[in-house]
Amino acid sequence: MKGPKVPGKTWKQKFGSPVYLISFLVIIVLLFLGAAFYKVEEKRVKNAIFNQLSTIARLQADEIKAWLDKSRADAEETAGSKFFATAVLHFLQQPTDKYREEVEELLKLTAQVYGYSRLMILDREKRPLLAVGEEAPAGAPASFSTELKEALAQTEKSGEVSMTDLHFPRPGSRPHLDIVAAIYAPQKAGKQEKERTWPEAYLVLTAEAQKSLFPLIESWPIASTTGETLLVKKEGDEIVFLSELKDKENAALIYRRPLDQQKLAAVRTALDRPGPLESLDYRGQKVMAFLSPVPGTSWYIVSKIDRQEALSIWQTRAVLIILLLLAVAVAGLLLTRLFRQRREKASLTKLYQAETEARESQELFRVLTESSLTGVYLIQDGVFKYVNQT
């Protein structure tokens with residue numbers, strides 16, 4: 001005997017049941033919470049990365065500031081030394097080999113202690129008298145760079161130590177900066193400081209950026225393949241890259257970008273917006289960066305790292321989280337479907353049993369009435385529904 005045929009339910013009827021609706025609601029809430037967690041965690045990870053970049057940028061900006069201050073102090077201390085000034089003045093008054101050697105020894109000792117690539121002594125007319133390290137440029141002072149001429153004029157006027165910006169002293173040379181200090185005749189007892197008017201000579205310390213300045217920003221304190229620190233400044237309508245770049249050779253003071261390319265991280269320095277940012281670097285790659293000014297200068301430090309590398313660990317975790325949520329959602333649907341099928345099976349089983357019992361009861365009634373010797377009939381609503389053969 002075949003079981004009763006139950007009409008199949010449509011998808012609308014199946015998924016319109018409370019069980020499916022509750023399951024879908026739980027899944028939607030779960031996905032929403034997962035997305036919210038992803039956003040919150042992504043923001044936390046970015047803040048942690050920006051904090052690292054901020055620490056690196058500010059630390060290196062402070063190191064550069066300390067180096068610049070030390071360079072000024074070196075020039076001031078050397079030029080202000082009574083012993084050094086006396087030796088220079090003796091050579092100016094009597095340019096003999098004895099006095100020349102004495103001054104040269106002092107200059108060599110200073111170069112060895114402080115690590116400058118060149119030390120020069122200039123007379124009042126700013127003509128080179130002595131040079132230790134690199135030779136004095138031919139044709140000086142006319143051949144001096146514009147930056148050095150301005151620094152000498154400033155020191156002559158103020159009597160204070162002056163420093164040039166990073167520059168090329170001549171075509172084909174490496175970037176460097178000069179520190180200029182005035183050399184005065186030692187004060188005699190009873191004379192006042194204000195009686196000093198014109199320097200007797202000038203001390204020029206030359207620092208090669210490749211050896212002294214750039215190493216301060218080339219190191220990266222954490223393991224990274226794309227981490228990089230840039231030194232930049234605004235010059236006219238361009239941003240000048242003062243330091244060397246990882247992916248461009250001989251870029252210092254040569255590589256420039258126009259200010260209208262505001263998507264570049266370095267260009268943002270010209271807009272007076274230091275701090276954290278996500279932008280493009282000089283390679284066109286998406287980076288996370290932090291901008292920090294170097295105190296007392298027009299320079300900016302840009303510490304940056306490729307966004308892909310910075311977020312790689314978090315993105316791996318995010319993929320795992322998404323896969324876990326999808327697995328939970330699929331498992332929820334499968335469990336809901338299984339639960340629904342079991343309920344439908346149980347319902348169909350009960351229905352089948354009821355139908356079977358009804359058919360057996362009807363068959364028993366038919367057998368009894370057909371074999372009865374008396375007449376049996378069934379009237380419903382005034383109509384004969386059943387009459388046996390008797």
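This text follows the structure it describes.
Cut-offs used in this document
Residues numbered from 1 in each chain as written. Predicted model: local features only at pLDDT ≥ 70, side-chain atom pairs only at ≥ 80, totals over all residues. Heavy atoms only, no water. Pairing = 2+ DSSP bridges. Helix = DSSP H or I, 4+ residues; strand = E, 2+ residues; numbered from the N terminus. Axes fitted to C-alpha atoms, helices over the stretch in contact; angles between N-to-C directions. Core = buried A, V, L, I, M, F, W, Y, C linked by side-chain atoms within 4.5 Å. Buried < 20%, exposed > 50% of the residue type's maximum accessible area, 1.4 Å probe, protein only. Contact = heavy atoms within 4.5 Å. Expected span 1.5 Å × (residues − 1). Arc of directions from axis to C-beta. Salt bridge = Lys/Arg side-chain N within 4 Å of Asp/Glu carboxyl O. Polar contact = N/O pair within 3.5 Å; in protein donor to acceptor, adjacent residues only side chain to side chain. Left-handed = near helix turned anticlockwise from the far one by under 90°. Phe/Tyr/Trp six-rings, centres within 6.5 Å; stacked < 30°, edge-to-face > 60°.

A word on the sheet that holds strand 10 (residues 286-293)
- The sheet built from six strands is open, its strands ordered 8-7-6-11-10-9 with antiparallel pairing. Sheet topology places strand 8 (256-258) and strand 9 (275-280) at the edges, where each strand pairs with a single neighbour. Put simply, the sheet's adjacent strands are angled 30 degrees from each other on average, direction ignored.
- The pairing of strand 6 (residues 228-235) with strand 11 (residues 299-306) spans six bridges and is antiparallel. Following the sheet pairing, lysine 233 is matched in strand 11 by tryptophan 299.

Focus on the nonpolar core
- If you look at the biggest cluster of nonpolar residues, it comprises 58 residues, and the most contacted ones within it are Ile121, Leu166, Leu231 and Trp299.
- If you tally residues by element for this core, the top one is helix 2 (residues 18-79), at twelve residues.
- With sequence-adjacent residues up to four places away left out, leucine 166 is seen in contact with His176, Leu177, Ala209, Leu213, Phe214, Leu231, Leu242, Leu253 and Trp299.

Looking at helix 4 (residues 97-114)
- Taking 1.5 Å of rise per residue, the 18 residues of helix 4 would be expected to cover 26 Å, and the 25 Å separating its terminal C-alpha atoms lies within 8% of that figure.
- Looking only at helix 4, the buried set comprises Tyr99, Val103, Leu106, Leu107, Thr110 and Ala111. Viewed end-on, helix 4 has its buried residues packed into an arc of 135 degrees, placing them on one side of the element. Exposed side chains of helix 4 directed beyond 90 degrees from the buried face belong to Asp97, Lys98, Glu105, Gln112 and Val113.
- Residue glycine 115 follows helix 4 closely and has a positive phi angle near 80 degrees.

Points about the pattern of salt bridges
- The final tally for this structure, using the stated rule, is 21 salt bridges.
- One salt bridge connects glutamate 42 with arginine 307, and the closest N-O pair in it is separated by 3.9 Å. Of this pair, glutamate 42 sits in helix 2 while arginine 307 sits in helix 8 (residues 307-310), and the two are 265 residues apart along the sequence.
- Under the relative-accessibility criterion, arginine 307 is labelled partly exposed at 23%.
- Ionic pairing is found between glutamate 228 and lysine 304, a salt bridge with its closest N-O pair at 3.2 Å. Within this pair, whereas glutamate 228 is found in strand 6, its partner lysine 304 is found in strand 11, the two being separated by 76 residues in sequence.

Observations concerning the side chain of serine 145
- Inspection of the secondary structure puts serine 145 in the loop between strand 2 (128-133) and helix 5 (146-158).
- Residue class for serine 145 comes out buried when judged on its relative accessible area of 9%.
- A polar atom in the side chain of serine 145 sits 3.2 Å from the side chain of histidine 167.
- Ignoring any residue separated from it by four or fewer positions in sequence, one finds serine 145 in contact with His167 and Pro169.

What about the pairing of strand 7 (residues 238-241)?
- Judged from the four bridges that link them, strand 6 and strand 7 form a sheet pairing that is antiparallel. Residue pairing in the sheet places lysine 234 in a bridge with isoleucine 239 of strand 7.
- Bridge count for strand 7 against strand 8 is three bridges, and the pairing is antiparallel. What sits directly across from isoleucine 239, in strand 8, is arginine 257.

Description of the environment of alanine 75
- Along the chain, the position of alanine 75 falls in helix 2.
- On the basis of relative accessibility, which here comes to 0%, the residue alanine 75 falls in the buried class.
- Separated by 129 residues in sequence, alanine 75 and valine 204 place their C-alpha atoms 7.7 Å apart.
- Those residues in contact with alanine 75 that lie beyond four places of it in its chain are Val161, Ile179, Ala181, Leu203 and Leu205.

So, the packing of helix 3 (residues 82-93) against helix 4
- Contact geometry of helix 3 with helix 4 gives a least axis separation of 9 Å together with a crossing angle of 145 degrees. Of the two elements, helix 3 crosses helix 4, and the hand of that crossing is left-handed. Each of Phe83, Phe84, Ala87, Val88, His90 and Phe91 in helix 3 lies in contact with helix 4, whose residues at this interface are Tyr99, Arg100, Glu102, Val103, Leu106 and Leu107.

Considerations on the pairing of strand 5 (residues 201-208)
- The buried fraction of strand 5 amounts to eight of the eight residues, a majority that puts the element mostly inside the structure.
- A two-sided burial pattern is seen for strand 5, the buried positions comprising Ala201, Leu203, Leu205 and Ala207 on one face and Tyr202, Val204, Thr206 and Glu208 on the other.
- Sheet topology places strand 1 (residues 118-122) next to strand 5; five bridges connect them, and they run antiparallel. Bridged to arginine 118 within strand 5 is threonine 206.
- Relative to strand 5, strand 4 (residues 176-183) runs antiparallel, the two sharing eight bridges. Residue pairing in the sheet places alanine 181 in a bridge with leucine 203 of strand 5.

Examining helix 5
- With 13 residues, helix 5 ought to run about 18 Å at 1.5 Å a step, and its terminal C-alpha atoms sit 18 Å apart, in line with that.
- Looking at the packing, one finds that the buried side of helix 5 touches strand 1, strand 3 (162-163), strand 4 and strand 5.

What about unusual backbone geometry?
- Backbone torsion omega between alanine 140 and proline 141 reads 10 degrees, so that peptide bond is classified as cis.
- By the secondary structure assignment, proline 141 is in the loop between strand 2 and helix 5.
- Unlike most non-glycine residues, lysine 126 shows phi in positive territory, near 70 degrees.
- Note on placement: lysine 126 falls in the loop between strand 1 and strand 2.

Re the packing of aromatic side chains
- Under the criterion given, the structure shown has four aromatic pairs.
- With a centroid separation of 6.2 Å and an interplanar angle of 75 degrees, the aromatic rings of phenylalanine 241 and tyrosine 282 are classed as edge-to-face. Placement of the pair is phenylalanine 241 in strand 7 and tyrosine 282 in the loop between strand 9 and strand 10, with a sequence separation of 41 residues. Neither residue differs from the other here; phenylalanine 241 and tyrosine 282 are each classed as buried.
- Centre to centre, the rings of tyrosine 255 and tyrosine 282 are 6.4 Å apart; their planes meet at 75 degrees, and the pair counts as edge-to-face. Here the residue tyrosine 255 occupies a position in the loop between strand 7 and strand 8, and tyrosine 282 occupies one in the loop between strand 9 and strand 10, the gap between them amounting to 27 residues. Here tyrosine 255 matches tyrosine 282 in class, with each residue buried.
- These aromatic residues form a ring-pair network of at least three members: Phe241, Tyr255 and Tyr282.

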